[in-house]
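# Per-entry structural report
Read off the chains here:
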Amino acid sequence: MPELPTVTAPDLARTLAAVLLPPVVKGPIVRRPRAVGLLGRLGADDAAVRQMQRLRERYGPDPVQLNLAGRRMALLLDPEDVHRVLNGSPEPFTPASLEKRGALGHFQPAGVLVSGPADRLLRRPFNEAVLQPGPSVHPVVGVRMAQVVAEEVDALLGQVDFAGELAWDAFARTWWRIVRRVVLGDSAREDEQVTDDLQTLRRLANLSYAAPRRPALRDRFLGRVQHYVQQAEPGSLAEVVARTPAAPGTEPHQQIPQWLFAFDAGSWASVRALALLVAHPPAMERAREELDRSPDLPFLRATVLDSIRLWPTTPLILRDTTEETTWRTGTLPAGASVVIFAPFFHRDGQRLPQAHTFDPDQWLRERTDADWPLVPFSGGPAMCPGRNVVLLVASTVLAGLVGSRTFGCSEDLDPARLPGSLDMFGLRFPVLT
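Summary of the structure given here. Keep in mind that what you see is a predicted model, and the values were worked out from it rather than measured.

## Remarks on a nonpolar patch on the surface
Side chains of Leu21, Val24 and Val25 sit close together on the surface and give an oily, nonpolar patch of about 230 Å² of accessible area. On the secondary structure map, valine 24 appears in helix H1 (residues 9-26).

## Thoughts on the pattern of salt bridges
As enumerated under the stated definition, the model contains 27 salt bridges in all. Between arginine 14 and aspartate 11 there is a salt bridge whose closest N-O contact spans 2.7 Å. Pair noted here: arginine 14 and aspartate 11 are both in helix H1, with a separation of three residues, about one helical turn. The partner of glutamate 152 in a salt bridge is arginine 189, with the nearest N and O atoms 2.6 Å apart. On the criterion of sequence distance, the pair formed by glutamate 152 in helix H7 (residues 142-163) and arginine 189 in the loop between helix H8 (168-183) and helix H9 (192-205) is long-range, its members being 37 residues apart.

## Quick notes on the pairing of strand S1 (residues 64-68)
Two elements, S1 and strand S2 (residues 71-75), share five bridges in a ladder whose sense is antiparallel. The residue bridging leucine 66 from the neighbouring strand is methionine 73, located in S2.

## Focus: the nonpolar core
Ranked by size, the top nonpolar core spans 133 residues in total, and within it Leu166, Phe171, Trp175, Ile256, Val397 and Leu401 carry the most contacts. Broken down by element, this core gets its largest block of residues, 16 residues, from helix H12 (residues 256-279). Setting aside chain neighbours within four positions, we find tryptophan 175 in contact with Phe263, Gly266, Ser267, Ser270, Val393, Ala394 and Val397.

## Structural notes on the packing of aromatic side chains
Each aromatic ring pair is specified by the distance between its two centres and by the angle formed by the two planes. What the rule picks out here adds up to eight aromatic pairs. Positioned over the ring face of tryptophan 327 is arginine 84, at 4.1 Å from the centre of the ring. Lying across the ring of tryptophan 363, arginine 367 places its NZ or CZ 5.4 Å from the centre.

## Regarding H12
With 24 residues, H12 should reach 34 Å at 1.5 Å per residue; the first-to-last C-alpha distance of 35 Å fits that figure. In terms of burial, H12 is largely enclosed, as 23 of its 24 residues are buried.

## So, helix H13 (residues 281-289)
Listed in full, the buried residues belonging to H13 are Ala283, Met284 and Ala287. When H13 is viewed along its axis, its buried side chains cluster within an angular range of 100° and face the same direction. Across from the buried face of H13, at angles greater than 90 degrees, the exposed residues are Pro281 and Pro282. Where H13 is buried, its residues touch H12, helix H14 (298-310) and helix H16 (387-402).

## Section: the pairing of strand S8 (residues 337-341)
Of all the five residues making up S8, five are buried; the element is thus mostly covered by neighbouring parts of the structure. One ladder, built from three bridges, connects S2 with S8; its direction is parallel. Each bridged residue has a counterpart across the sheet, and for alanine 74 the counterpart in S8 is valine 338. In the sheet, strand S5 (residues 316-321) pairs with S8 via five bridges, with the strands oriented antiparallel. Considered in S8, the bridge of arginine 319 is made with valine 338.

## Thoughts on the side chain of glutamine 258
Within the fold, glutamine 258 resides in helix H12. Leave out the neighbours within four places in its chain, and glutamine 258 touches Leu104, Gln108 and Leu113.

## Quick word on the sheet that holds strand S3 (residues 93-94)
Pairing in this open sheet of five strands is mixed, and the strands run S1-S2-S8-S5-S3 from one edge to the other. Because the sheet does not close on itself, it has two edges, and the strands there are S1 and S3. Sitting on the sheet, H1 is in contact with S1, S2, S5 and S8, with an inclination near 80° to S1. Where helix H4 (residues 79-87) meets the sheet, its contacts fall on S3, S5 and S8, and the angle it forms with S8 comes to roughly 125°.

## So, the side chain of glutamine 51
With respect to the element layout, glutamine 51 can be found in helix H3 (residues 44-59). Residue classification places glutamine 51 among the buried residues on the basis of a relative accessible area of 1%. A polar contact is formed between the side chain of glutamine 51 and the side chain of threonine 15, at a distance of 3.1 Å.

## Remarks on the packing of H8 against H12
Axis angle and axis distance: for two packed helices, these are the angle between their axes and the distance between the axes, and together they describe the pair. Contact geometry for H8 and H12: axes closest at 10 Å, N-to-C directions at 145°. For the crossing formed where H8 meets H12, the hand is right-handed. Here Trp168, Phe171, Trp175, Trp176, Val179 and Val183 of H8 come into contact with H12, specifically with Ile256, Leu260, Phe263, Asp264, Gly266, Ser267, Trp268, Ser270 and Val271. For the contact of H8 with H12, the residue count by class is 11 nonpolar, three polar and one charged.

## A short note on unusual backbone geometry
Cis geometry marks the peptide bond from serine 89 to proline 90, where omega comes out at 5°. With respect to the helices and strands, proline 90 occurs in the loop between H4 and S3. Along the chain, glutamate 91 connects to proline 92 via a cis peptide bond; the corresponding omega equals 5°. Structurally, proline 92 can be placed in the loop between H4 and S3. Within the chain, leucine 297 stands out as a residue other than glycine whose phi angle is a positive 50°. Taking the relative accessible area as the measure of exposure, leucine 297 reaches 5% and is therefore buried. Despite not being glycine, serine 378 shows a phi value in the positive range, around 65°.

Criteria and thresholds
Residues numbered from 1 in each chain as written. Predicted model: local features only at pLDDT ≥ 70, side-chain atom pairs only at ≥ 80, totals over all residues. Heavy atoms only, no water. Patch = residues over 30% accessible without salt bridge, like charges linked within 9 Å, V, L, I, M, F, W, Y side chains within 5 Å. Areas by Shrake-Rupley, 256 points an atom, 1.4 Å probe, with all protein chains shown as cover. Salt bridge = Lys/Arg side-chain N within 4 Å of Asp/Glu carboxyl O. Helix = DSSP H or I, 4+ residues; strand = E, 2+ residues; numbered from the N terminus. Pairing = 2+ DSSP bridges. Core = buried A, V, L, I, M, F, W, Y, C linked by side-chain atoms within 4.5 Å. Buried < 20%, exposed > 50% of the residue type's maximum accessible area, 1.4 Å probe, protein only. Contact = heavy atoms within 4.5 Å. Phe/Tyr/Trp six-rings, centres within 6.5 Å; stacked < 30°, edge-to-face > 60°. Lys NZ or Arg CZ within 6 Å of the ring centre and 35° of its normal. Expected span 1.5 Å × (residues − 1). Arc of directions from axis to C-beta. Axes fitted to C-alpha atoms, helices over the stretch in contact; angles between N-to-C directions. Polar contact = N/O pair within 3.5 Å; in protein donor to acceptor, adjacent residues only side chain to side chain. Left-handed = near helix turned anticlockwise from the far one by under 90°. Nonpolar A, V, L, I, M, F, W, Y, C, P; charged D, E, K, R; others polar.

Below, the structure is given as structure tokens:
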């Protein structure tokens, strides 16, 4: 059987410029605010979806190959193939892609996402045992987390009342205080060094193999994380890590950097979710109605999920093939990259009626492979195990904000046609009442 078709040179150039390059310029591991703002103003996200639609029109629904200086990459164009790849992880579609190993090796060389098959068998169950991906409210940290959020949001609202508006910098400082307390313990509240070190390492990770490794900085960061695990403060994820059995080779403390990384994306989703609620008064009313009724805040959780659907925090979902794979029109060799461009499937107005509108209700029921693939936290066996912890923090923060103040928004969102880009760093929320 022949290999999958390869796009022409002009299509390769257009796809690189419109689809693959913008996420790299924005920052695949840590966002660059100026690049996010500029590309948003240029309409880069809409242009990327249009280019993917052109590829589907020209080549049909089957995957198409890009040949990048010898690196084989297959772009998925059909929802059936998205389900196949995500359900087929980690074999024959491993999450430990070449690009991921180069990037994440800067700050979590023994993390589960970059682990080989043997190590993954140890590390993935450990991550799930700590993070408890099943229940919407974590059985250990859930109650303490609500207290932490309440304290920090109250402090934030004092600053907001003084300034007259909620802006990104104040929100981000509060968010990271919450994250450090939830993940590492209360004593980490003011330990900005640990998250600053992670931020520096993640900036290097933006360049993957092109950036030099900084082993001394990485050791300092991981050593600080290990310190909090040893302290095992009650009600923190570090405490759960400390008391969860781990086989040799699991490297428990090296799983934590990925959780901190995931929380960063949660902050972007939360701010965008607030903008959606402000733009949709009926949704805001529904959110406020559930504040005293449900500890897991399903509607606010759905709002956060739909903000990630509308503006994916991980636009490129990468897998590498561990063996030759056969598709309808050809084969893909072992070691090739398979790329799911999430914005294409989330914002494909040709196929998805709610592509450009706010639709949180779609997250209030169980989604299956019979549904169109919406993958805010990836999917299948490699789905992010920390998704419910992040969603719980995000929805609880939103509850604290919308339950205490009425906000406006600097971005005038049209409920009938939401933009392809929304710069979270530039959003401002004036206090109305």
